[in-house]
Amino acid sequence: MAEEAILGFLDNNTQISDSGQFATDQGLDHNEVVNVIKSLHGFRYVDAEDIKKETWVLTDEGKMYAATGSPEILLFLAIPPEGIPKDELQKKLDPAVYKIGCAQAAKNKWVELGKLVTRKVQQAEDKVKNLLLQIQEGKVVGQDDIKALKARKLIAQQTWKGYSVKKGLNYAPKRKKVATDLTRENLQRGDWKELEFKEYNFSAKGLPIEGGHLHPLLKVRQQLKDIFRQMGFEEMPTNNFVESSFWNFDALFQPQQHPARDSHDTFFLQAPSTTNELPEDYVERVKAVHESGGYGSRGYGYDWKREEADKNLLRTHTTAVSSKMLYLLAQKPFVPKKYFSIDRVFRNEAVDRTHLAEFHQIEGLVCDRGLTLGDLIGVLHDFFSRLGMSKLRFKPAYNPYTEPSMEIFSYHEGFKKWVEVGNSGMFRPEMLLPMGLPEDVRVIAWGLSLERPTMILYGIDNIRDLFGSKIDLGLIKKNPLCRLGI
Ligand code: PHE
């Protein structure tokens, strides 16, 4: 509406000298006219120049007088021809009206203020009200009157902004619609030749992209997989949560009375409760090494039970997969191997800030002839420094399946202390030799949870904020794309 009016007016006239006047004449809202002028100016349809006018507007008090009359006239009208005692007059009027009215009416010489208040003139004209009404209508009023009204704070100055408008460089009586897309129809009709295209606005903000989001554990897992692969490790198949006690414990030379094999620490399966396939000859050798030793070991000297080994469980560590992989490796002519896995394990534990009944384990192992503890320390330095943990310390530890065993500590620059980051060792001959691996083959291995480094990397101090049913989805949306280095 306003756009047509402005462009149409300029088609027949040289200029719009005052947008305010134009808006009034056309019955348009001045704000709308101003917005259209700004837009047309942007596309150079019009040239516009600012005009500023100082105008007078009524204050709240001024508006009141314009509506009901000035205090002096109200006071004058309250005086009967015979006069009125001062205190009576005061009672008749609003205190402000009485006070201002007395002063102004006396100044105008309309009244005589004594004990008895009387009129000095027959009639009085409410000049103040009339002036205020004129100002309200936008009429011009004399300077002296303005001064007087301003002194009484009945009017205040306001700056009015508008434009004077002329045809611009790209003036046309109608704004051309610019095309934002080249369509199939444009091409078919051939009208694309005449079309004017809207310029790209490269500084416009695009819509935020809402794609999928990876959980921090998945990101750190991917980074770890990359590290293992860069170091020449192959991934072990860990796609079975259910394992037999045999591979999870017995093959690892973990005695059947070991507390970890208690149902308080391990989830056993009710159905199917037992495994039905184990390599029988190997089972015999494992039984023998547990009961009476061999390969230079005295064994544990107890009565090994097959039923115990057959029990199915949710694997308590991924070392269950490592033992099976090493057994398979021993069934063929020996070749050195570097294996890794990152997958879920289960422990029947009380859940707290740092423990869950299921979590993820990272495991690495190197199997080769003549490896030493020095090789283990070296490979751990290599592995952990790729994770951003270059200061390591080792502490002697115990695992039934490794000797020697070492806990791994890393210096945390943020926490300013040594934190435990993993467990490691060299697999025992009691574990490797019954499998059939050559005597000079050594296996160095280490394991750690995926949650621990992820929590350190992402600054999360409660494991339940990272994994499980109570995590905040916002964490997954907002966490950084990549984070390595502690
Ligand atoms: N299986 C051990 C654990 O659950 C980790 C480990 C793996 C230790 C290999 C030594 C060698 O903590």
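My aim in this report is to walk through the structure given alongside it, one point at a time. These figures come from a predicted structure and were not determined experimentally. (Residues numbered from 1 in each chain as written. Predicted model: local features only at pLDDT ≥ 70, side-chain atom pairs only at ≥ 80, totals over all residues. Heavy atoms only, no water.)

**Side note on the packing of helix α11 (residues 216–230) against helix α18 (residues 451–458)**
And then number 1: In contact at an axis separation of 10 Å, α11 and α18 are set at 110 degrees when each is read in the N-to-C sense. Here α11 lies roughly perpendicular to α18, going by the angle between them. Residues Pro-216, Leu-217, Lys-219 and Val-220 of α11 touch α18, and the partners they reach there are Glu-451, Thr-454, Leu-457 and Tyr-458.
And then number 2: When its residues are assigned to classes, the contact of α11 with α18 shows five nonpolar, one polar and two charged. (Axes fitted to C-alpha atoms, helices over the stretch in contact; angles between N-to-C directions. Helix = DSSP H or I, 4+ residues; strand = E, 2+ residues; numbered from the N terminus. Parallel < 35°, antiparallel > 145°, perpendicular 65-115°, else oblique. Contact = heavy atoms within 4.5 Å. Nonpolar A, V, L, I, M, F, W, Y, C, P; charged D, E, K, R; others polar.)

**Quick notes on the nonpolar core**
A general tendency of soluble globular proteins is for nonpolar side chains to be buried together.
And then number 1: Ranked by size, the top nonpolar core spans 38 residues in total, and within it Leu-224, Phe-233, Ile-362, Leu-380, Phe-383, Phe-384 and Trp-446 carry the most contacts.
And then number 2: If you list the elements that add at least two residues to this core, you get α11, β10 (337–346), β11 (358–369), α16 (373–386), β13 (402–412), β14 (417–427), β15 (441–449) and α18.
And then number 3: Grouped together as the second largest cluster of nonpolar side chains are 31 residues, Val-283, Phe-334, Leu-365 and Cys-367 included. (Core = buried A, V, L, I, M, F, W, Y, C linked by side-chain atoms within 4.5 Å. Buried < 20%, exposed > 50% of the residue type's maximum accessible area, 1.4 Å probe, protein only.)

**Things to note about unusual backbone geometry**
And then number 1: Residue Ala-271 is joined to Pro-272 through a cis peptide bond whose omega torsion reads -5 degrees.
And then number 2: Note that Pro-272 resides in the loop between α12 (245–248) and α13 (280–291).
And then number 3: With a phi angle near 60 degrees, Arg-44 is a residue other than glycine that sits in the positive phi range.
And then number 4: With respect to the helices and strands, the residue Arg-44 is situated in the loop between α3 (30–42) and β2 (46–58).
And then number 5: Even without glycine at this site, Tyr-295 takes up a positive phi of about 50 degrees.

**What to know about the site of the ligand**
And then number 1: Taken together, 13 residues surround the ligand, and among them His-317, Thr-319, Arg-347, Gln-361 and Tyr-401 come closest.
And then number 2: Taking His-317, its side chain carries an N or O atom lying 3.1 Å from a nitrogen atom of the ligand.
And then number 3: Between the ligand and Thr-319 there is a distance of 2.8 Å, counted from a nitrogen atom to a side-chain nitrogen or oxygen.
And then number 4: For the ligand, the accessible surface in isolation is 320 Å², of which the surrounding protein chains cover 91%.
And then number 5: In this structure the site holding the ligand corresponds to the largest pocket.
And then number 6: Residue assignment for the shell around the ligand shows that the elements contributing at least two residues are β11, β14 and β15.
And then number 7: Taken together, the residues that form the shell around the ligand break down as three nonpolar, eight polar and two charged. (Near = heavy atom within 4 Å. Polar contact = N/O pair within 3.5 Å; in protein donor to acceptor, adjacent residues only side chain to side chain. Areas by Shrake-Rupley, 256 points an atom, 1.4 Å probe, with all protein chains shown as cover. 1 Å grid on protein atoms, 1.4 Å probe; cavity = no way out; pocket = protein on both sides within 12 Å on 5 of 7 lines; lining within 4 Å. Sits in = over half its atoms within 2 Å of the grid points.)

None of this, on its own, says anything about what the molecule does.
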